[in-house]
Amino acid sequence: MPQYISPAIKTLDDALGAVTELAPIARQCSQKAENARNLAPEVVDAIAAAGLWGVFTPAGVGGSGLIGLDEAFEVVRALAYADTSTAWSLFICATTPAILAAKLPADGLAEVLADGIGPMSLVFGPNGRSRPTEGGLRVTGRWPFASGIGYAGWVMANTVLLDDDGAPKPGAGGPPELISVVVPTEQVHIVDDWHVAGLRGTGSMSFTLDDVFVPARRSFSFFAPSRLDDAKYRLPLFSLLAPGFAGVAIGMAERALDEVRAVLPNRVGPPKFQPASEDPVIQRTVGRAQAAIRGARESTRAVFDTYVDRRLRGVDLSELSVVDRCELHQQVVWAAETCRDAVGDLFRIAGASAIYETSPIQRIWRDSNVLTQHLYLRDTQHENAGKLALGLDVVNPTI
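Each chain has its residues counted from 1, running along the sequence as written. Given that the model is predicted, a residue must reach a pLDDT of at least 70 before its local features are reported, and side-chain atom pairs must reach 80 or more before they are shown or counted; all residues, however, enter totals for whole chains, interfaces and linings. Derived side-chain values reflect all non-hydrogen atoms in the structure, with water molecules and hydrogen atoms excluded from consideration.

Visitor: Please explain the state of the cysteines as it appears in this structure.
Guide: A covalent bond bridging the sulfur atoms of two cysteines is what the word disulfide describes. The criterion for a disulfide is a pair of cysteine sulfur atoms lying within 2.5 Å. Evaluation of the coordinates by the stated rule reveals zero disulfides. Here C29 is not cross-linked by a disulfide; its sulfur's nearest cysteine counterpart is in C93, at 17 Å. Just so you know, C326 is unpaired, no disulfide at all, and the nearest cysteine sulfur is the one on C339, 19 Å from it.

Visitor: Quick question: what am I supposed to make of the nonpolar core here?
Guide: Nonpolar side chains in soluble globular proteins tend to end up buried together. The term nonpolar core refers to a set of buried residues drawn from Ala, Val, Leu, Ile, Met, Phe, Trp, Tyr and Cys, joined through side-chain atoms within 4.5 Å. Three exposure classes are used, based on accessible area relative to the maximum for each residue type with a 1.4 Å probe and protein chains only: buried under 20%, partly exposed in between, and exposed over 50%. L52, W53, F56, F207, F245 and L371 are the most contacted members of the largest nonpolar core, which has 122 residues in total. Counting from the N terminus, the helices are DSSP H or I runs at least four residues long and the strands are E runs at least two residues long. Top contributing element to this core by residue count: helix α5 (residues 84–103), with twelve residues.

Visitor: Would you explain the environment of I250 in this entry?
Guide: Mapped onto the elements of the fold, I250 is located in helix α8 (residues 242–263). Those residues in contact with I250, other than ones at most four positions away along the chain, are F73, R77, A296, R297, T300, A335 and C339. The contact definition used throughout considers only heavy atoms, calling two residues in contact when any of these lie within 4.5 Å.

Visitor: Would you take a moment to explain the sheet that holds strand β4 (residues 178–184) for this structure?
Guide: Strand-to-strand pairing in sheets goes through backbone hydrogen bonds, with the strands running parallel or antiparallel. We treat two strands as partners when DSSP finds at least two bridges between them. As summarised here, the arrangement of the seven strands in space is β5-β6-β2-β1-β3-β4-β7, forming an open sheet in which the pairing is mixed. Of all the strands in the sheet, the pair left with one neighbour each is β5 (189–191) and β7 (219–221). For this sheet the average axis-to-axis angle between neighbouring strands, irrespective of direction, equals 25°. Across three bridges, the pairing between β4 and β7 is antiparallel. Within β7, the residue paired with V181 across the bridge is S219. Working convention: axes come from line fits to C-alpha atoms, limited for helices to the stretch in contact. Angles between N-to-C directions cover 0 to 180 degrees. Sheet strands touched by α5: β1 (120–133), β3 (154–161), β4 and β7. Its angle to β1, the strand with the most contacts, is close to 40°.

What follows is the structure, encoded as structure tokens:
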């Protein structure tokens, strides 16, 4: 495996500066990534050179430790403004080593990080089966949507633990026990099936494992709490992911707004043969989109900041109530939906030139619609929030 340099990134400003330097490369290679259905090697290398693969991993194991809700949101949002697929890939492939640092036993983590902090892929869906064996597990399954697996050194996959009779072993509370396993990518079979409408450059292909042995040191219970004392890493897992999803959705919408603002003054045609920017209908559409995107960004910051403030006051965020977890998750779903709808309105007024591959507007339009197909962003989170608001119970481990 390649050796990765230790990051020079210590602060959020450092990280945003690295994103600023990376942005022109990501933009320049955006169509190359679309065509290859994977990040361009130049972009992967530039992320490594900047130290951004370790931006979310704890400082204690060589990372930058910038996994706070506010920090991760701003880093991903800034990169999504430059290129959506690059931002998504950083979100997934840089968050994975952070999760492993919080969950893996010490000897397993030492093995995974032996060559430094590089890109790592993961799939949350429990699409595999694991059987206990001497020293570890035997794992078989097929997992879709493994972003960045083509260049990741390691991949994390979730499995249903089987008992001695081959039946799913019940976990706490009744559902099957889920075990996460970590394997070197060279041990998986990658299925080249990422032929999709949007987020094409993320290389989110499927992979399979066929009776692969995984030592116990590279496995952990998926819902187990963090092994770290660092409060940033003690958020419930699905809350920890919130800033990445929000950052991608909002950053690309901000880019779409600026791209359309640049196009409209130069769009002249029938029936009035005046710049499209002078059309009151178009002006209202731009104004509404601007307000929607600003509202999504600032309300998300405000919600995240309440939890950052609680962390700074010493509150253990691993004990977040279901109401708190639902608030975080629902906010991200609403922000992503709001931005998707705003991008759709902007695409419709951008004119026929926006349909060409050379236009980033069409790519953002496709990316925003594909993003909101993700299981994390399903509108069932509004149902959960509604139940809680009405005094009803919600039992859902994915909040």
